[in-house]
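# Survey of secondary and tertiary structure
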Amino acid sequence: MQNTLLPERVKELHQLINQYNHQYYVLDEPTVPDAEYDRLMKELIQIEKENPALKTIDSPSQKVGGEALKAFTQVTHQIPMLSLDNVFSKEEWDAFVKRIVDRIHQNDFKLCAEPKLDGLAVSLRYEKGVLVQAATRGDGSVGENITENVRTIKCIPLTLTGEEYPDVLEVRGEVFMPKASFEKLNENAIKKGEKTFANPRNAAAGSLRQLDSKITSKRNLAFYAYGLGFVGNMIENANGEVTTVENTEWLVNSHHQRLCQVKALGLPMCPEVQLLDGSDDCEAFYQHILSSRESLSYEIDGTVLKVDDIELQQKLGFVAKAPRWAMAYKFPAQEELTILEDVEFQVGRTGAITPVARLKPVFVGGVTVSNATLHNQDEIERLGIKINDTVIIRRAGDVIPQIVSVVADKRPDNATDIVFPNSCPVCDSAVLKAEGEAVLRCTGGLFCGAQRKEAIKHFASRKAIDVDGLGDKLVEQLVDEKLIATPADLFRLTELSVSTMERMGQKSASNLINGLEKARVTTLPKFIYSLGIREVGETTASNLAQHFLTFDAIKSASEEELQNVPDVGVIVAKNIINFFKQAHNVEVVNDLETIMSWPEIKVLAADEQPLLDQTFVLTGTLSQMGRNEAKSALQSLGAKVSGSVSAKTHYLVAGEKAGSKLTKAQGLGVEVLTEDDLISLLNTHGAL
Ligand code: JCF
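A quick note: this is a predicted structure, and the numbers were derived from the prediction, not measured. (Residues numbered from 1 in each chain as written. Predicted model: local features only at pLDDT ≥ 70, side-chain atom pairs only at ≥ 80, totals over all residues. Heavy atoms only, no water.)

## Concerning the overall build of the protein
Stated precisely, the cut-off is as follows: Comment: elements are numbered from the N terminus, with helices defined as DSSP H or I runs of at least four residues and strands as E runs of at least two. Exposed residues in this analysis have more than 50% of their type's maximum accessible area, buried residues have under 20%, and partly exposed residues fall in between, with area computed by a 1.4 Å probe over protein chains only. Here, residues are in contact when the closest pair of their heavy atoms is within 4.5 Å. Residue-level accessible areas treat just the shown protein chains as cover; the underlying method is Shrake-Rupley with a 1.4 Å probe.
Looking only at helices and strands, the protein features 24 helices and 25 strands. Counting across all 688 residues of the protein, residues that qualify as buried make up 47%. When contacts within the protein are restricted to residue pairs at least 6 apart in sequence, long-range pairs at least 24 apart make up 66% of them. Surface exposure of the protein reaches about 35100 Å², of which carbon and sulfur atoms provide 49%.

## Considerations on the site of the ligand
Basically, it comes down to this: When at least one non-hydrogen atom of a residue lies within 4 Å of a molecule or strand, that residue is treated as near it. Counting of polar contacts relies on pairs of N or O atoms within 3.5 Å, with two restrictions inside protein: one atom must be capable of donating a hydrogen and the other of accepting it, and residues adjacent in sequence are counted only when both atoms are side-chain atoms. Under the scheme applied, nonpolar residues are Ala, Val, Leu, Ile, Met, Phe, Trp, Tyr, Cys and Pro; charged residues are Asp, Glu, Lys and Arg; polar residues are all the others, including Gly.
Taken together, Leu 82, Leu 84, Glu 114, Pro 115, Lys 116, Leu 117, Glu 174, Tyr 226, Val 304 and Lys 306 make up the full set of residues adjacent to the ligand. Contact distances for the ligand include 2.7 Å between an oxygen atom and a side-chain N or O atom of Glu 114. Contact with the protein chains hides 92% of the accessible area of the ligand, taken as 370 Å² for the molecule alone. Element by element, the count of residues in the shell around the ligand is highest for strand 3 (residues 111-117), at four residues. Here the residues of the shell around the ligand are counted per class, giving six nonpolar, no polar and four charged.

## Topic: the domain arrangement of the protein
Keep this limit in mind: The domain boundaries here were taken from an automatic or database domain assignment.
Annotation of the protein at the domain level lists domain 1 (3-55), domain 2 (86-330), domain 3 (333-443), domain 4 (445-519), domain 5 (524-595) and domain 6 (606-684). Relative to domain 5, the C-alpha centre of domain 1 lies at a distance of 53 Å.

## Digging into the pattern of salt bridges
Heads up, the rule is: When a carboxyl oxygen of Asp or Glu is within 4 Å of a side-chain nitrogen of Lys or Arg, the pair counts as a salt bridge.
Applying the stated criterion to the full structure yields 32 salt bridges. Note that Glu 12 and Arg 9 form a salt bridge whose closest N and O atoms lie 2.6 Å from each other. Note that Glu 12 and Arg 9 are positioned in helix 1 (residues 6-26) at a spacing of three residues, about one turn of the helix. Residue Glu 12 is classed as partly exposed on the basis of its relative accessible area, which comes to 40%. On the accessibility criterion, Arg 9 (17% relative accessible area) is buried.

## Thoughts on the packing of aromatic side chains
The test is simple: Aromatic pairs are defined between Phe, Tyr and Trp rings, using the six-membered ring for Trp, whenever the two ring centres lie within 6.5 Å; interplanar angles under 30 degrees are classed as stacked, those over 60 as edge-to-face, and all others as tilted.
Applying the stated rule across the entire model yields 16 aromatic pairs. A ring pair is formed by Phe 459 and Phe 491, whose centres lie 6.3 Å apart and whose planes are at 85 degrees; its orientation type is edge-to-face. Taken together, the positions of Phe 459 in helix 12 (residues 449-460) and Phe 491 in the loop between helix 13 (472-480) and helix 14 (495-498) put the pair 32 residues apart, joining distant regions of the chain. Assessed through its relative accessible area of 8%, Phe 491 is described here as buried. Plain terms: the ring middles of Phe 527 and Trp 598 are 4.5 Å apart, the flat faces sit at 25 degrees to each other, and that makes the pair stacked.

This is how it looks when you write it as structure tokens:
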């Protein structure tokens, strides 16, 4: 390319890359393949390297980071950055609204509502449409200059789009790390033996505080605008000095409308932002956001509600550093401090010995928590945790409580090390840690009472052979009272023998025996799954059944033959071979084969398969049949069942709460079937 044309080309590249960035990171609608984007970016970086004069501060190449800094400089905010007051209950919220009504003497005012992101507030300054400065909130008056780092945030435009912007535009918003990026970052840190971040907020803060912006650029931060700082025009006087005056034309009288204007200039705005008609709608908004919390891709800790009318905002003014016209209405805390009182060791179905933390009971995430898993020895070492330590415990949504970290400076004198047992705490057999594995296992197999109980619980569970009337507690009781020792023993129980147990009425005994009678007839996939072979879940069990068709064929398959089954690799193949090598397993399995039965799997010749080579994707919740059942039935008719929607997908079966796959299928014009459509299709071909 001729040198005279280079500036033109650079301009063109800026335009294209900015446009693709916006489509990808702000609109979530990529229009070109990643390879094309990478090619353009590479071309731009190459040109800038050879022609440094063409490299500008608003070049999209800045998105990959630049030279490392020695320290951050300070920035004085032209307009102070405010903080927010908090309320935690409907009563406190109502009191806040009442204070507003008392001051402005009106009770019909609109509110702009949004989720409260758990990130860091930053202020972005655009001059003549170019991002020239980014700063943290700091103490509200003076923050740190983090321009280099903020330039690397993919969804923050380096230049504004459109023409309708003031000379100076300060946009305030929250920088945060999406949940998925946070999890990936921590996974990688664990792999490398590095320290992990306790939560996405800390990860975002740590990433923004990097002196080396190349590191920040790899951290996948995001940004949503929530307000404005200074907005004005530049005026040059006769001496060439530039001053700024507020741009009253651009500054409309609605907070929500201002955010929409900012969005129109290419900045991301949280899609959950809503303009509410009045304060009566706030509680519903709060409840709506609380119930969407788990499904949002970013961490939030409440809602923010702001009086929308700017004149009313000005009437209300501030107290200290927080406005009287805005409030954070926060969710109950998901993290609390408590004390690790003891650690006990539980033995699971596969013999894995899991340390379980016994905690001083603490109210967190809406429930009282007194236990948490510590996973394994590696996790204990990573946390550096001792008994009697003060720990941060976290419970998000319906997720299992986790110990996040130890509060090191609260360690008492009586803190003691957590010692792993040398033998199984249940059966006293030797314990073993397999090479490359983090877990300690009891070698007792089905001789170990704990493993026996877990194996029987698994055997009888809903997704396995599904015995009505047989819950976990009852299995434990049956084993403890020596009425059963193996899954096969279940079928030898009688109403009489069962009713001898404590707290077992005639009715429950009869229910159990009926449930067992029904469970004798199952399907081959369920039977394979019920055996509890390590790493053979429902899908693998179903694949094994489809591939080998009979149980005998699976039992006698070689490691190589097993590996021909989809999803079965070296490890799973070895687990299956090992399972059938153990004498006690063979004994139980033979026993079960004489007691139980399952219908033969029908095989159709290729030319008889009505759905041969048709690709299906299943998504959402199927209410009438299990997903694996649907999958097996489709496969038996020759169909392929894939996990993701593409142009090659023939049908998408959308159950309840179908999400992004449904949207994608509709976009690609893939035919969408309901669960009822699927059932009638399967019935038509006799696959049900
Ligand atoms: O999402 C947030 N964390 C958030 C923080 C949202 C807002 O609308 C805010 C804020 C901090 C201060 N507004 C102000 C005035």
